[in-house]
Amino acid sequence: MTDWSSRAEAYRNAPEQREGADLDLIVEWARGSRTALDVATGGGHVARRLREAGLEVVSSDPAPGMQPDVICRAEDLPFADGAFDLVVTRIAPHHFGDVAAAVAEMARVSNDLVLVEDTLYVGEDVEEAERLRDPTHVRSYTEGEWRGMLEAAGLAVEDVREFEKRHPLQEWLDRSGTPEEDRALVVELLESHIEGDEYVDTKLLFKARKTT
């Protein structure tokens, strides 16, 4: 996890990571929960906002440099069944090696709500660009694929929202340490998703509740 530890400060400071209407909605949906687990906390923005809202929050991440409370993979959460009222992960699952296993683990350690946000799959050109930009990218998923994984984990989807995210292109490439020789191809592959000097993508945020 050396790569992610070295990126920690950049992710803590990136405006599109640190704030946004998606983050506000996570806090809104968390109302009524007392305890929460922030899976793959990254820059720690979900944990920070939920703590500000009065929740008791444990953060987890496989990268020590992200300074989580617990160092672990999303697929191997070292917590008891139903340990948290709320389990949330934000803009991280496209890096998970086994996303279905991670969703099952999040469902297992929640006693009520699971909130999942990630980048919407839009095509193989974008997937190729994402992997070139950042080799830790595994895959993004469609809304249908997400619904299937959540339901297979015993979760009922109650709501789903779309959010547009705008990434200053050069900062976005710098943050992941994209090699100079790959940047032109990344931009070419993303051409239809670039507006001015920004890369524009869509995030899906799911609100799901345990059914058993």
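Residues numbered from 1 in each chain as written. Predicted model: local features only at pLDDT ≥ 70, side-chain atom pairs only at ≥ 80, totals over all residues. Heavy atoms only, no water.

> Looking at this structure, I do not really get unusual backbone geometry. What am I missing?
For residues that are not glycine, phi is negative in most cases, and the peptide bond is trans in most cases. At A40, a position not held by glycine, the phi torsion is positive, near 55 degrees. In this fold, A40 is placed in the loop between β1 (35–39) and α4 (45–52). Take A40: its relative accessible area is 15%, and that puts it in the buried class. Residues other than glycine seldom take positive phi values, yet Q67 does so here, at roughly 60 degrees. With respect to the helices and strands, the residue Q67 is situated in the loop between β2 (56–61) and β3 (70–71). (Helix = DSSP H or I, 4+ residues; strand = E, 2+ residues; numbered from the N terminus. Buried < 20%, exposed > 50% of the residue type's maximum accessible area, 1.4 Å probe, protein only.)

> Explanation requested: helix α6 (residues 124–133) in the structure shown.
Of all the positions in α6, only V126, E127, A129, E130 and R133 are classed as buried. In an axial view of α6, the angular spread of the buried residues amounts to 165 degrees, which keeps them on one side of the axis. (Arc of directions from axis to C-beta.)

> Just checking my understanding: could you explain the packing of helix α3 (residues 21–29) against α4 for this structure?
Geometrically, a packed helix pair is captured by the angle between its two axes and the distance between the axes. Remark: α3 packs on α4, axes separated minimally by 10 Å, with the N-to-C direction vectors making an angle of 45 degrees. The angle between the axes of α3 and α4 places the two elements in the oblique class. As α3 runs across α4, the sense of the crossing is right-handed. Taken together, the residues of α4 that come into contact with α3 (itself represented by L23, D24, I26 and V27) are H45, V46, R48, R49 and L50. (Axes fitted to C-alpha atoms, helices over the stretch in contact; angles between N-to-C directions. Parallel < 35°, antiparallel > 145°, perpendicular 65-115°, else oblique. Left-handed = near helix turned anticlockwise from the far one by under 90°. Contact = heavy atoms within 4.5 Å.)

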